[in-house]
Amino acid sequence: MRNLQDKIVWITGSGRGIGRAAAMTLAREGAKVVVSARTGEEIKTVVREIESTGGQAIALVCDVTKNEQISNLVEKVKAKWGPIDILINNAGIGIFKKISETTKEDWETMMDVNLKGAFLCSHAVLPDMIEKKAGHIINVVSVAGKQAYYSCGGYCASKYGLLGFTDVLRLEMRKHGIKVTAFLPGATDTAIWGDADVDRSKMMTPEQVAEGIVSICYSNPNVLNEEIVMRPIGGDL
Ligand SMILES: NC(=O)c1ccc[n+]([C@@H]2O[C@H](COP(=O)([O-])OP(=O)(O)OC[C@H]3O[C@@H](n4cnc5c(N)ncnc54)[C@H](OP(=O)(O)O)[C@@H]3O)[C@@H](O)[C@H]2O)c1
């Protein structure tokens, strides 16, 4: 997939942050971008920005924990453009509390969005990818998918799980010609941090992280990038 011109790329959670930056960058590369999240206004704004620079995009509200909304999105995209070539499972949330203070609802929400959401969205695009014997699923994990952080019990558990899911999916999809890549960014300056007491000047920007995603999309057709880790230079974030 060296040429992204007219490739159909679905980025979950692309109303803001890393997903938004990836949508804008991929659209500049000529991809047809499916922008989705729960907040309609944000995804519509992203699509307007893409279209204002001559790019192609569609905004579809989709909660990644709701299977019916996922199926609807996949069918609408198929009817408009065709089957999805690249899925970027990016939607994610962080509820950063010590495990002793994490509620059952906090836990379930993180598992549902960060882990089950990636399963449901992958499941929805796989039949077409298997039929075409081509496709790429990029899961936005995190360095918290293989490293423990204080007050990140539920978040780390969901991301460790997502990394495991990604590794098994890659194993199973390789023979079908479908690439599955785990992308593990470090600290990035987005809304996910809320009002946490962290030095945002030491973080990567969403645009820098988006460049990492785009470079994975551009990988040689014969080469499978299994896992890419990306951190800000300097500091210890
Ligand atoms: N920022 C970092 O330091 C960092 C580092 C490593 C990995 N990551 C990962 O990168 C991904 C993007 O995070 P971000 O930092 O860009 O956060 P963000 O700015 O908060 O964006 C998160 C996006 O996910 C969407 N989302 C949340 N729940 C959803 C749901 N149930 N269904 C569909 N979309 C949903 C949000 O939109 P709605 O709320 O409108 O649905 C939003 O568009 C996440 O998976 C995160 O874990 C972030």
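In this text the structure is predicted, and so the values were computed from the model without any measurement.

Reading the values: the criteria
- Residues numbered from 1 in each chain as written.
- Predicted model: local features only at pLDDT ≥ 70, side-chain atom pairs only at ≥ 80, totals over all residues.
- Heavy atoms only, no water.
- Pairing = 2+ DSSP bridges.
- Helix = DSSP H or I, 4+ residues; strand = E, 2+ residues; numbered from the N terminus.
- Axes fitted to C-alpha atoms, helices over the stretch in contact; angles between N-to-C directions.
- Buried < 20%, exposed > 50% of the residue type's maximum accessible area, 1.4 Å probe, protein only.
- 1 Å grid on protein atoms, 1.4 Å probe; cavity = no way out; pocket = protein on both sides within 12 Å on 5 of 7 lines; lining within 4 Å.
- Points joined across faces, edges and corners; volume = space filled by probe spheres on them.
- Nonpolar A, V, L, I, M, F, W, Y, C, P; charged D, E, K, R; others polar.
- Salt bridge = Lys/Arg side-chain N within 4 Å of Asp/Glu carboxyl O.

> Summarise the sheet that holds strand 2 (residues 32-37); cite the residues concerned and give the values.
Ordered in space as 3-2-1-4-5-6-7, the seven strands form an open sheet in which the pairing is parallel. If you trace the sheet from one side to the other, it starts and ends with strand 3 (56-61) and strand 7 (227-230), each paired once. Pairs of neighbouring strands in the sheet enclose a mean axial angle of 15°, with direction left out of account. Strand direction decides the pairing type here: strand 6 (residues 178-185) and strand 7, joined by four bridges, are parallel. Residue pairing in the sheet places Phe 183 in a bridge with Ile 228 of strand 7.

> Now, about unusual backbone geometry: what can you tell me, with residues and values included?
In this model, Lys 133 sits at a positive phi of 55°, which is unusual for a non-glycine residue. Along the chain, Lys 133 falls in the loop between helix 4 (104-132) and strand 5 (135-140). One non-glycine residue, Ser 151, lies in positive phi territory at about 60°. With respect to the helices and strands, the residue Ser 151 is situated in the loop between strand 5 and helix 5 (153-173). Given a relative accessible area of 24%, Ser 151 falls into the partly exposed group.

> For empty space enclosed by the protein, give the residues involved together with the corresponding values.
Under the definition given, this model contains two cavities of 30 Å³ or more. Size it by volume and the largest cavity reaches roughly 60 Å³. If you go around the largest cavity, the residues you meet are Thr 12, Val 64, Asn 89, Asn 90, Ala 91, Val 113, Asn 114, Gly 117, Ala 118, Cys 121, Val 140 and Leu 162. Looking at which element gives the most residues to the lining of the largest cavity, the answer is helix 4, with five residues. When grouped by side-chain class, the residues that make up the lining of the largest cavity number seven nonpolar, five polar and no charged. Computed from the structure, the second largest cavity encloses a volume of approximately 30 Å³. What lines the second largest cavity is simply Val 74, Lys 78, Gly 82, Pro 83, Ile 84, Val 125 and Asp 128. For the lining of the second largest cavity, the secondary-structure elements that each account for two or more residues are helix 3 (67-80) and helix 4. A class-by-class count of the residues in the lining of the second largest cavity yields four nonpolar, one polar and two charged.

> Quick one: what's the story with the pattern of salt bridges, residue by residue and with numbers?
Under the counting rule described, the total for this entry stands at eleven salt bridges. Lys 44 serves as the salt-bridge partner of Glu 41, at 3.9 Å between the closest nitrogen and oxygen. One end of the pair is Glu 41 and the other is Lys 44, both in helix 2 (residues 40-52) and three residues apart, which spans about a single turn. Lys 44 gets classed as partly exposed once you look at its relative accessible area, which sits at 44%.

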